[in-house]
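# Close look at the chain arrangement
The lines below spell out each chain.
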Amino acid sequence: MEKRFAVSLVLALTVVLTAACGGNNAGNNNAGTAANSGSNNAAATNDAGTTDAGTATNAPSDLSGTIKVLTQRTDYVNDGTFDRYAAKFKGKYPNAKIEFEGLTNYATDIQVRLTTGEAGDVLMIPAGLATSEYGKYFEPLPDEWFNNVYFADNTLFDGKRYGLSTGVNTQGIVYNKKAFAAAGIDKVPTTLDELYADAEKLKAAKITPLYMNYGAQWPMGNWGDGSAWYVNGDPQFATKQVSEDAPFQLDNAWGTLATIGRTFVEKGYVEKDLYTNNWEMSKGEVASGKAAMYFLGNWVIPQIIGAGAASEDIGFFPLPYDNSGKYNAPLGSDYFVAVSKDSKNKDLAKAWVEFFVKESGYVEDSGFMPIDKSAQSSIPQLAEFQALNPTLIESEATDPKYNEIANKAQIGIGTGDYVQEYIVADDLKAAFDKLNKKWKDAKTALGY
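Computed from a predicted structure; not experimentally measured. (Residues numbered from 1 in each chain as written. Predicted model: local features only at pLDDT ≥ 70, side-chain atom pairs only at ≥ 80, totals over all residues. Heavy atoms only, no water.)

Looking at where Arg113 falls in the secondary structure, it is placed in helix H4 (residues 106–116). Not counting the four nearest positions on each side in its chain, Arg113 is found in contact with Leu70, Glu101, Leu103, Glu118 and Ala119. (Helix = DSSP H or I, 4+ residues; strand = E, 2+ residues; numbered from the N terminus. Contact = heavy atoms within 4.5 Å.)

Attention now moves to the packing of helix H16 (residues 400–409) against helix H18 (residues 428–446). Two elements in contact, H16 and H18, have axes whose closest approach is 8 Å; the angle formed by their N-to-C orientations is 115 degrees. Compared by their axis directions, H16 and H18 come out roughly perpendicular. H16 and H18 meet at a crossing whose hand is right-handed. Side by side, H16 and H18 meet where Tyr402, Glu404, Ile405, Ala406, Lys408 and Ala409 of the first sit next to Lys438, Trp439, Ala442, Lys443, Ala445 and Leu446 of the second. Its residues assigned to classes, the contact of H16 with H18 shows 8 nonpolar, no polar and 4 charged. (Axes fitted to C-alpha atoms, helices over the stretch in contact; angles between N-to-C directions. Parallel < 35°, antiparallel > 145°, perpendicular 65-115°, else oblique. Left-handed = near helix turned anticlockwise from the far one by under 90°. Nonpolar A, V, L, I, M, F, W, Y, C, P; charged D, E, K, R; others polar.)

This part covers the pairing of strand E14 (residues 328–333). Judged by how many residues are buried, E14 sits mostly within the fold: 6 of 6 residues are covered. Burial of E14 is two-sided: the residues Asn328, Pro330 and Gly332 facing one way and the residues Ala329, Leu331 and Ser333 facing the other way are all buried. The pairing of strand E9 (residues 168–169) with E14 spans 2 bridges and is classified as antiparallel. Paired with Asn169 across the bridge in E14 is Gly332. (Buried < 20%, exposed > 50% of the residue type's maximum accessible area, 1.4 Å probe, protein only. Pairing = 2+ DSSP bridges.)

With that settled, the discussion passes to the nonpolar core. Counting residues in hydrophobic clusters, the biggest one holds 79 residues, and the most contacted among them are Phe89, Phe138, Tyr294, Ile304 and Trp352. Broken down by element, the residue count for this core peaks at 8 residues, all from helix H13 (residues 346–358). Among residues more than four places away in sequence, those in contact with Phe138 are Leu114, Leu123, Ile125, Pro126, Leu129, Tyr162, Ala338, Val339, Ser340 and Lys341. Counting 58 residues, the second-largest nonpolar core is a separate cluster that includes Leu192, Leu202, Ala253 and Phe295. (Core = buried A, V, L, I, M, F, W, Y, C linked by side-chain atoms within 4.5 Å.)

Here we take up the sheet that holds strand E12 (residues 291–297). Pairing in this open sheet of 4 strands is mixed, and the strands run E11-E12-E10-E13 from one edge to the other. Looking at which strands have only one partner, the edges of the open sheet turn out to be strand E11 (208–210) and strand E13 (314–317). Pairs of neighbouring strands in the sheet enclose a mean axial angle of 25 degrees, with direction left out of account. As defined by bridge partners, E11 adjoins E12 across 2 bridges and the pair is classed as parallel. Opposite Thr208, over in E12, you have Ala291 as the bridge partner.

With that settled, consider the packing of aromatic side chains. The tally for this structure, following the rule as stated, stands at 40 aromatic pairs. On the numbers, 4.9 Å between centres and 75 degrees between planes, the contact of Trp218 with Trp279 is edge-to-face. Taken together, the residues span a long stretch of sequence, with Trp218 in the loop between E11 and helix H8 (228–232) and Trp279 in helix H11 (residues 279–288) at a distance of 61 residues. Considered together, Trp218 and Trp279 belong to a single accessibility category, that of buried residues. Between Phe316 and Phe385, the aromatic rings sit 4.5 Å apart at their centres with planes inclined by 25 degrees, giving stacked as the arrangement. You can see Phe316 sitting in strand E13 and its partner Phe385 sitting in helix H15 (residues 380–387), a full 69 residues away along the chain. Residue Phe316 is classed as buried on the basis of its relative accessible area, which comes to 0%. For Phe385, a relative accessible area of 0% puts it in the buried group. Directly above the ring of Tyr76 sits Arg73, whose terminal nitrogen or CZ lies 3.7 Å from the centroid. (Phe/Tyr/Trp six-rings, centres within 6.5 Å; stacked < 30°, edge-to-face > 60°. Lys NZ or Arg CZ within 6 Å of the ring centre and 35° of its normal.)

Structure representation (structure tokens):
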């Protein structure tokens, strides 16, 4: 069932607090940028407070030992931000030690780590993992953690919740206002034709219109599973594909997004060095105005500011994916943080998870909206986003069969790999036909 949120009601909660600041990292793939991750359980109906997932940690100050945290935030590992969080945590638990390991290609690497038992003590749940698999890899979390928070049931399976959202995102075009002005653009585009026209102006001004980050792979999910559900206007878009033999069509949301992405590539509106992973470098390009736009979530805004841009020079507007002048935009979770089933110090790991989300400052540093529905957060760029009146659609839990089929078909939901293929394919229909065959064969093999 769709949950549509009038922007005046939803964004009122998000634009009245102080602006978030700090860095961010490639690991915020759109499993988690305001997208329906596809890793949830639509069939589960248990309410918070009725499960036996455990009790709140309320960990005593004498909790001790060492835990390892696996993270997609390689920038926060490298710049000392996580060390700052660990020092704050140590103030509460003096005998605890937190170690961090950053995975550059988290979405892919963590899948391997889970199967080899090398997933540390705390980790982010990969988007491509079906909720039916959560019990194999993660420890249930206390029920009381999920009162009055967004996406409380997105990691619910068989009455247990396994992951806590690390922040709330929306998604659209983040842009450099100085780059727009240099190209003679005096207002943001509100239709697809205007977006293309502005891209042409930017190209003529020798400014890269949009840094796609094709080579990094994970951002490519925005041109596929990361956005198809809200462009379609249905948070159950992925779940409904379980009953379809050929979900990838030119005339549905998959085709809409693929066509826009392909147009940007074909017309030279993206970076010239398409195949190299230049994620970190790209932030400086957008910050300086050498590149004008990203198609990403609000989480990237503090990264661009951290790369040297003034906050007032960075703006944000919904993706105009057609010429109607109206938009859907998502309200979704970033990664869900979980405790590994294999952890030898689960109490300390749980204490870190709760601290990380609620006290460390990570949510604010990353430019996320708070997961607490009663909390407020102000990011100036969201006021601009709000003024364009998008219809915000909250992501919902997805039938785990969706990810089971995708995994069997080797279609990398949350990784962007399959999107890379069709964005540069000679024939989009042929590329979709190939995906549809893999999808149908997987469905048949699984008995769905």
